[in-house]
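Commentary on secondary and tertiary structure
Okay, here's what each chain looks like letter by letter:
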Amino acid sequence: MLSLLDLRARIAAGTLTPAGAIDLCRAAIAAREPDLHALVTLDPAPAIPEAGPLAGIAVGVKDIIDSAGLPSQMGSSIYAGWTPRGDAAVVSRLKRLGAVALAKTTTTAFASSDPTETVNPHDPGHTPGGSSAGSAAAVGAGMLPLALGTQTAGSVIRPASYCGCAAVKPSFRLIPTVGVKTYSWALDTVGLFAAGVADVAHALALVTGRPEIEGAEAGSAPRIGLVRQDFAEAPEPAAEAALARARQAAERAGARVTDLALPAELAQAWERHRIIQNYEGRLALAWEYDTQADALPPRVREHLDAGEAFSPAQYDDARRHAHRARRVLKSLFADYDAILTFSAPGPAPATLAFTGDPRFNQLWTLMGVPCVNVPVPGHRLPVGVQVIGRFGDDGRALAVARMIEDALRG
Ligand SMILES: NC(=O)CC(=O)O
């Protein structure tokens, strides 16, 4: 994969120019994209700033996030050719840092769960995951050093796990969603994909203007709660093995890892995630649903039909459960520095018709807490584990994730 930090170091050392770094991506895209189908649009002649902390860094932008002058097609025929005038807030920030919005990456329709044409960079017979399919695949394939995604259920962490790259779904609203097509205003979170955890941390610190995110320390003996989320169906053996390896690596690095059973309030919130997601999705996509329902692919249609059936009382009840669970989780974090759990039920499923199950992700999206995917080496197809921090403690979550990543690589 292309490391953002490595490219920046070579540019700082004068052995690579920003234009040269972009050319490296173009060459990798030329080599891999014909088989991968991760990109929707490639900017033929983007401005390439010479200066800035992200000068020379090409970014993939999920096709529900606006980049001025490039179409935002939402993975749907309804928006074929739709081209926004301006940048989404996060894209504008990246450009100000010197980055180049080189390509729009594939998304499932409206960031829901219908498949895209993108394939897994490690095996074309397997899904790359979703909904941020193209971003995860492009970074995992070494075509881009940085990509933007979004997560409403598991759309950053799960595809990163399937494609073998690092990713962060930050604390809720840490990155603005202005200029991002909304599915659920209570859940949608902009996330980042990059080769390794250090690359992701560097990008998040710059994008948010918070250098403390990159400077945070894991501590000499971080307290890690190992959470199995037993309320979700059991994972596959490969995910179990990855979690066990990550636990051993964390303990080798000095962490104190203890099994943590989540209180009932968390399971109750977990099972109500879909009510909030689809009730809000039905309202957010009212124009599309009311005027062009036949153009919606089957899974989006199914989710919006479900949203149509939920009452305001059910929605309000789900939000009360979520609020209660956030309070319980906050008190849990008094005794832990991070949580370690599954990123996905297993390796990428051997199909292109299904983007995978977000059952190990959805609770944490609803809780609004930072989640980091750490690739775990040793499997033919990538399997990741998820490091989760308390709300607003993105730096420490990334530091603990980095500690585990280093120990796994050691
Ligand atoms: N947008 C999402 O998070 C949906 C998913 O997890 O597949």
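Residues numbered from 1 in each chain as written. Predicted model: local features only at pLDDT ≥ 70, side-chain atom pairs only at ≥ 80, totals over all residues. Heavy atoms only, no water.

For clarity, the threshold we go by: UniProt positions are given in the numbering used here, feature names are shortened, and annotations may be inferred rather than shown by experiment.
An unreviewed UniProt entry annotates the protein as Amidase originating from Methylobacterium tardum. As its UniProt record puts it under Sequence similarities (unreviewed entry), the protein is described as follows: "Belongs to the amidase family."

1. Some thoughts on the overall build of the protein
Filter applied, for reference: Strands here are runs of E lasting at least two residues and helices are runs of H or I lasting at least four, both read from the DSSP assignment and numbered beginning at the N terminus. With C-alpha atoms as the basis for the radius of gyration, the globule rule is written as 2.2 Å multiplied by the number of residues raised to the power 0.38. Each residue is placed in one exposure class: buried if its accessible area under a 1.4 Å probe, protein chains only, is under 20% of its type's maximum, exposed if it is over 50%, and partly exposed if it falls in between. It only takes one pair of heavy atoms within 4.5 Å for two residues to be counted as in contact. Accessible surface is estimated by sampling points in the Shrake-Rupley manner with a 1.4 Å probe; for residues, cover comes only from the protein chains shown. A residue counts as positive if it is Lys or Arg and as negative if it is Asp or Glu; His and the chain ends are not included. The atoms used to mark charge sites are NZ of Lys, CZ of Arg, CG of Asp and CD of Glu.
Of the regular secondary structure elements, the protein holds 14 helices and 11 strands. Taken over the C-alpha trace, the protein has a radius of gyration of 20 Å; the compact-globule value for 410 residues is 22 Å, and the two agree within 12%. Over its C-alpha atoms, taken along the principal directions, the protein stretches across nearly 55 × 55 × 40 Å. Counting over 410 residues, the protein shows a buried share of 62%. By sequence separation, contacts in the protein at least 24 residues apart represent 78% of the contacts at least 6 residues apart. Split by element, the accessible area of the protein, about 14600 Å² in all, is 53% carbon and sulfur. Counting 38 positive and 41 negative side-chain charges, the protein places the centres of these two groups 4 Å from one another.

2. A few points about the packing of aromatic side chains
Note the threshold: Pairing of aromatic side chains requires ring centres within 6.5 Å, counting the rings of Phe and Tyr and the six-membered ring of Trp. Pairs whose planes differ by under 30 degrees are stacked, by over 60 edge-to-face, and all others tilted.
One pass over the structure, following the stated rule, counts 5 aromatic pairs. Both rings, one in F342 and one in F360, keep their centres 5.0 Å apart while their planes meet at 55°; by these two values the pair is tilted. Here F342 is found in strand β9 (residues 338–342), whereas its partner F360 is found in the loop between β9 and α13 (362–367), with 18 residues between them in sequence.

3. Let's talk about the sheet that holds strand β4 (residues 146–151)
Defined as follows: The pairing criterion is simple: DSSP has to find at least two bridges between the two strands. Axes here mean lines fitted to C-alpha atoms, for a helix over just the part in contact, with angles spanning 0 to 180 degrees between N-to-C directions.
Taken in spatial order, the 11 strands line up as β1-β3-β2-β4-β6-β5-β10-β11-β9-β7-β8 in an open sheet, and their pairing is mixed. Edge positions in the sheet fall to β1 (39–42) and β8 (256–259), since each of these pairs with one other strand and no more. Across the sheet, the axes of successive neighbouring strands diverge by a mean angle of 25°, strand direction being ignored. Sheet topology places strand β5 (residues 166–169) next to strand β6 (residues 189–194); 3 bridges connect them, and they run antiparallel. Paired with V168 across the bridge in β6 is L192.

4. So, the site of the ligand
Stated precisely, the cut-off is as follows: Any residue with a heavy atom positioned within 4 Å of a molecule or strand is treated as near that molecule or strand. Nitrogen and oxygen atoms within 3.5 Å of one another constitute a polar contact, given that in protein one can donate a hydrogen and the other can accept it, and given that sequence-neighbouring residues count only through two side-chain atoms. Throughout this entry, Asp, Glu, Lys and Arg are counted as charged residues, while Ala, Val, Leu, Ile, Met, Phe, Trp, Tyr, Cys and Pro are counted as nonpolar. The remaining residues, Gly among them, count as polar.
Taken together, A111, G130, S131, T152, A153, G154, S155, R158 and P358 form the complete shell of residues around the ligand. Here T152 contributes a backbone N or O atom positioned 3.0 Å from an oxygen atom of the ligand. At 2.7 Å, a backbone N or O of G154 approaches an oxygen atom of the ligand. In isolation the ligand offers 240 Å² of accessible surface; the protein chains occlude 95% of this area. Residue composition of the shell around the ligand, grouped by class: 3 nonpolar, 5 polar and 1 charged.

5. Digging into the UniProt feature "domain: Amidase" (unreviewed entry) in the protein
On the UniProt side, "domain: Amidase" (unreviewed entry) is annotated at positions that read residues 50–397 here. Secondary structure content for residues 50–397 is 36% helix and 15% strand, while the C-alpha to C-alpha distance between its ends is 32 Å.

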